[in-house]
Amino acid sequence: MYRLQPLIKRLRTFREGQGRFKEMQATRRGARYGAYTLVSLSVAAVMLDTKESPKLSDSVTAISRTATLDLLRSYLVWTALSFPTLVDFSPSALSFLLTTRIPLLPTLTETIVRATFFPQFIPGETAVECLPTLERLRRQNIGSALNYSAEADAVEEVDARDVEASRFKEIERALDVQGEFEKRMQLEGWSPGSSAFAVKVSGIVDPAVLRRASDALQISRPKSLRTMGKEVPYPGFPSDDDSEILNPSLTMSFDAIVKHPSLQQGDCAQLKILWDRLDSLAERAKANGVKLILDAEETWLNPAIDGYTLLLSIKHNKRDPVVYGTYQSYLQRQPAFLTAWIEHAQVNRYSLGLKVVRGGYIVKEKAVGEKEGKPGNGAVWATKDLTDASYDGSVEIVLETLRNQLDRPGNSVPLRVIFGTHNMTSVQTIIETLEAKRLASRTASGKLRMNSEAEGKVNIAQLYGMRDDLSDVVCAAFEPSRSAISMKFIAYGTLRETMPFLSRRAIENKSIMSGPTGAAAERRRVGAELRHRLSFNLF
């Protein structure tokens, strides 16, 4: 009997291994059959969906360069996103499917998402994996801004401080990867300045600390002797004196807490760490020739984010800007905010880096406002038309300022701007304003060329995987050059890390998805190209 025990043990191990092998085979078969089914359904839907097909362009565009299988995937994704109810339901559904203990279901769900939504919006799990996409875009004269999109609720059973430190290290690695990419591109003759990295500040510090610091700043700023920007509506304008809270001396932490009761024990240490991290990232970005963008967030976190942006800009933007702040046009403060910041930069002799957007937190802002009895949270414009007017007004303010700065080079350091928009009217407004302000000139070919003094100072950006038609419009409007005007913001991270980001992005941009130029329009655009290919060019 004793001699039989090793044999019995080997037989048991063999049976267990055989069971695991069968489970793997079943998973692979399920994934394969699922892929076949999805492709078949996509092809059938494409051929039947002939309603309101857009006319295909004869020119080479992003869609004409895309592989057929990738177009089928895009068609399936845009079809799913055409249903707002499905978008609303997706976060809870995906959370259940990825965490359920039902055999094979999490694996099958991950396989489907990895084959559809993930590659549509996420070209890689690491910055290195994104390099082929960065290079492909650059050769199409499109710049790129990376964004490590891991979020807190994607991590389980890990200390929050470890997560923040890990994200900080990842951003450092990504900046180095982008720096090497920039060096290689410049050796080929491409102009510098077409790479950026967007940082979500609440991802590298406890958001509760950022909230308490913002509350403290809201109280301290009106008492400051500084007067610039005091007329800016909520959430206000930063002050040079913000460093007392945002970059505190650790020996003064007790006095700081006494002076600012909204802060808690340990907050000063965390804010000091955050300052050191952001300062270090700015230095690293500068060394690598990469723009560092601090993303704006909810209004109750923005006072601290604005403060860090101002302090870092004063320190690092002495010539061309390294640090870029984000300016949300859906906030009522936008016109006064922009004007005050331009004045501050001119008085303090630094170059302003701007990322102008409409804003991505309006759903959350309005929900909080309703709870507090404040329509629109008391901070955002009441209607989309007002937001659109605010955005277009920002275009006018920024480009008029740039024109004046270039005309009077001794008075101030010229700004640089990234206009982020998924709105065709805004893209056309930006292009027309560039010509009207003499920042770009019409050539004999009928296309525009940025004037030498303005070259590299303006970008027009969309999210990777979305509104490639707008990128085509920008590229087609300008003669090819070695300095990119069009830009894509590229999220990256593992599937598990980025699932919350993808869900939040879909919900935040639901108005884009469901509008006349949203997911339905994207589906029709992709469908027209697919029908053209699948019918063997017969129509």
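Refer to the structure printed above.
The structure reproduced in this document is the subject of the present report. Counting from 1, residues in each chain are numbered in the order their sequence is written. Per-residue local features of the predicted model are confined to residues with pLDDT of at least 70, and side-chain atom pairs are confined, for both listing and counting, to 80 or more; whole-chain, interface and lining totals are unaffected and use all residues. Derived side-chain values reflect all non-hydrogen atoms in the structure, with water molecules and hydrogen atoms excluded from consideration.

### Comments concerning the sheet that holds strand 5 (residues 353–357)
Filter applied, for reference: Think of it this way: DSSP has to see at least two bridges between two strands before they count as a pair. Elements are defined by DSSP. Helices are runs of H or I of four residues or more, strands are runs of E of two residues or more, and each kind is numbered from the N terminus. A fitted line through C-alpha atoms serves as each axis, taken over the contacting stretch for helices, and the angle formed by two N-to-C directions is quoted from 0 to 180°. Contact criterion: two residues are considered in contact whenever any of their non-hydrogen atoms come within 4.5 Å of each other.
Taken in spatial order, the eight strands of this closed barrel run 1-2-3-4-5-6-9-10, and their pairing is parallel. The mean angle between the axes of side-by-side strands here comes to 30 degrees, regardless of whether they run parallel or antiparallel. The pairing of strand 3 (residues 291–294) with strand 4 (residues 323–328) spans three bridges and is parallel. Following the sheet pairing, L294 is matched in strand 4 by G325. Packed onto the sheet, helix 12 (residues 302–316) meets strand 3 and strand 4 and runs at close to 145 degrees relative to strand 4. Across the face of the sheet, helix 17 (residues 468–477) comes into contact with strand 1 (142–148), strand 9 (458–463) and strand 10 (486–492) while running at roughly 150 degrees to strand 10.

### A short note on the side chain of E172
In plain terms, the rule: Remark: exposure states derive from per-residue accessible area (1.4 Å probe, protein chains only) relative to the maximum for the residue type, with buried under 20%, exposed over 50%, and partly exposed in between.
By secondary structure assignment, the location of E172 is in helix 7 (residues 160–187). The exposure class of E172 is buried, given its relative accessible area of 10%. Ignoring anything within four residues of it in the chain, the contact list for E172 reads S280, L281 and R284.

### Quick notes on the nonpolar core
Spelled out, the test is: What makes a nonpolar core is a set of buried Ala, Val, Leu, Ile, Met, Phe, Trp, Tyr and Cys residues whose side-chain atoms join them at distances within 4.5 Å.
Judged by nonpolar contacts, the single largest core of 92 residues is most densely connected at F197, L210, L352, L354, F419, L434 and F478. Tallying contributions element by element places helix 11 (residues 267–288) first for this core, with eight residues. Not counting residues within four places of it along the chain, the set of residues in contact with L434 comprises L399, L439, A440, M450, V458 and F478.

### A closer look at the packing of helix 13 (residues 334–348) against helix 15 (residues 384–407)
Stated formally: Angle categories are assigned with fixed cut-offs, so that under 35 degrees is roughly parallel, over 145 is roughly antiparallel, 65 to 115 is roughly perpendicular, and the rest are oblique. Whether a crossing is left-handed or right-handed is set by the direction in which the near helix is turned from the far one by less than a right angle, anticlockwise for left-handed and clockwise for right-handed. For this scheme, ten residues count as nonpolar: Ala, Val, Leu, Ile, Met, Phe, Trp, Tyr, Cys and Pro. Four count as charged, namely Asp, Glu, Lys and Arg, and the remainder, Gly too, count as polar.
Viewed as axis vectors pointing N to C, helix 13 and helix 15 meet at an angle of 20 degrees, and their least axial separation amounts to 10 Å. Comparing their axes, helix 15 and helix 13 come out roughly parallel. Between helix 13 and helix 15 lies a crossing of right-handed hand. Facing Q334, P335, L338, T339, I342 and Q346 of helix 13, the residues of helix 15 in contact are S390, S394, I397, V398, T401 and Q405. Taken together, the residues of the contact of helix 13 with helix 15 break down into five nonpolar, seven polar and no charged.

None of the figures reported here should be taken as evidence of function without further support.
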